[in-house]
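# Chain and residue survey
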Amino acid sequence: PRRYEEGISNPDQMMRAIREFSNVIACTPVLEDNVAITTNDFSHELSRLLGIDLDSELVATDLKKQLTAGDLGDFRTQPRGVLLGSLLAGNLRVKVGDTISIAATTGEAQPFRVCGIVQTGDNLLDERRAYVHRRAAENLLGKPGAASYIIVKMHDPERAPQLADRLEEVLGHRARSWQERAAGN
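Read on for an overview of the structure. None of the values given here were measured: they were computed from a predicted structure.

## As for the overall build of the protein
Of regular secondary structure, the protein possesses nine helices and eight strands. The C-alpha radius of gyration computed for the protein amounts to 17 Å, which stays within 12% of the reference 16 Å derived for 185 residues, consistent with globular compactness. Projected onto its principal axes, the C-alpha positions of the protein cover 50 × 30 × 30 Å. Within the protein, the proportion of its 185 residues that are buried is 42%. Sequence separation of 24 or more characterises 67% of the internal contacts of the protein that already satisfy a separation of 6 or more. In the form shown here, the protein has an accessible surface area of approximately 10200 Å², with 47% of it arising from carbon and sulfur atoms. Treating the 23 positive side-chain charges of the protein as one cloud and the 26 negative ones as another, the clouds have centres 2 Å apart.

Here you go:
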């Protein structure tokens, strides 16, 4: 019987195995957790921090198309850069170039520079998400080398349930298709 483990302790090794599947175009690790964001005027919001590897994220997701303000080149060169969901940025009353503080539930706040605003079209995501470099997330959250999940981009997304079943079998980790997630599973 398979036992449940929170997160992925070996994401690079797991992604090497995932890339071997013929239907896979790309994959990218994400380290995700709850954080508190505070601004200089003491606006405060709870958020979902996503630690990403920018290059693989750009291949596996629509992040580049979703950027409505700012510059991914600026984010790339800022170790403490952050991309905020459009509604989160609005609630915090911040814009590109501003500095915010991000604190994990267990740690001290650290300063980050707003490098971009992202609009996914899903209000639930846009009001909660803050993207930082995976290394910064690992340091902030105290989880070096870890990932919460891996996003997989496929040639044929309709075959996601079959790939998820096969990945679970081969990797011994829970895998959910986009169809399962959309159904709330």
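After that view of the structure, there is still more to cover.
## Quick look at the nonpolar core
In terms of nonpolar packing, the biggest core is built from 23 residues, with Ile37, Leu49, Val82, Leu84, Ile100, Ile102 and Val132 touching the most fellow members. Counting residues per element, the ones that place at least two in this core are strand S1 (24-39), strand S4 (81-85), helix H5 (86-92), strand S5 (99-104), strand S6 (110-118), strand S7 (129-133) and helix H7 (134-141). Here this core takes four residues from H7, the largest share from any one element. If we skip the residues at most four places from it in the chain, Ile37 touches Ser43, His44, Glu45, Ser47, Leu84, Leu88, Leu92, Ile100, Ser101, Ile102 and Ala130.

## What to know about the environment of Glu108
Residue position: Glu108 is located in the loop between S5 and S6. The exposure class assigned to Glu108 is exposed, which follows from its relative accessible area of 70%. A C-alpha to C-alpha distance of 8.3 Å links Glu108 and Leu140, two positions 32 residues apart in sequence. Those residues within four positions of Glu108 in sequence are excluded, and the remaining contacts are Ile102, Ala103 and Leu140.

## Details of the pattern of salt bridges
Enumeration over the complete set of coordinates arrives at 11 salt bridges. Between Arg93 and Asp41 there is a salt bridge, with its nearest N and O atoms 3.5 Å apart. A residue pair is termed long-range when its members are at least 10 positions apart, and Arg93 in the loop between H5 and S5 and Asp41 in the loop between S1 and strand S2 (44-52) qualify at 52 residues. In this structure Arg93 comes out as exposed when scored by relative accessible area, which is 58%.

## Some words on the packing of aromatic side chains
Taken as a whole and assessed by the stated rule, the structure comprises zero aromatic pairs. A cation over an aromatic ring shows up here: Arg80 above the ring of Phe112, its NZ or CZ 5.6 Å from the ring centre.

## Regarding the environment of Asp165
By secondary structure assignment, the location of Asp165 is in helix H8 (residues 160-171). Judged by relative accessible area, which is 54%, Asp165 ranks as exposed. Along the sequence, Asp165 and Gln110 sit 55 residues apart, while their C-alpha atoms lie 40 Å from each other.

Parameters at a glance
Residues numbered from 1 in each chain as written. Predicted model: local features only at pLDDT ≥ 70, side-chain atom pairs only at ≥ 80, totals over all residues. Heavy atoms only, no water. Helix = DSSP H or I, 4+ residues; strand = E, 2+ residues; numbered from the N terminus. Rg over C-alpha atoms; globule rule 2.2 N^0.38 Å. Buried < 20%, exposed > 50% of the residue type's maximum accessible area, 1.4 Å probe, protein only. Contact = heavy atoms within 4.5 Å. Areas by Shrake-Rupley, 256 points an atom, 1.4 Å probe, with all protein chains shown as cover. Lys, Arg positive; Asp, Glu negative; His and termini not counted. Charge placed at Lys NZ, Arg CZ, Asp CG, Glu CD. Core = buried A, V, L, I, M, F, W, Y, C linked by side-chain atoms within 4.5 Å. Salt bridge = Lys/Arg side-chain N within 4 Å of Asp/Glu carboxyl O. Phe/Tyr/Trp six-rings, centres within 6.5 Å; stacked < 30°, edge-to-face > 60°. Lys NZ or Arg CZ within 6 Å of the ring centre and 35° of its normal.

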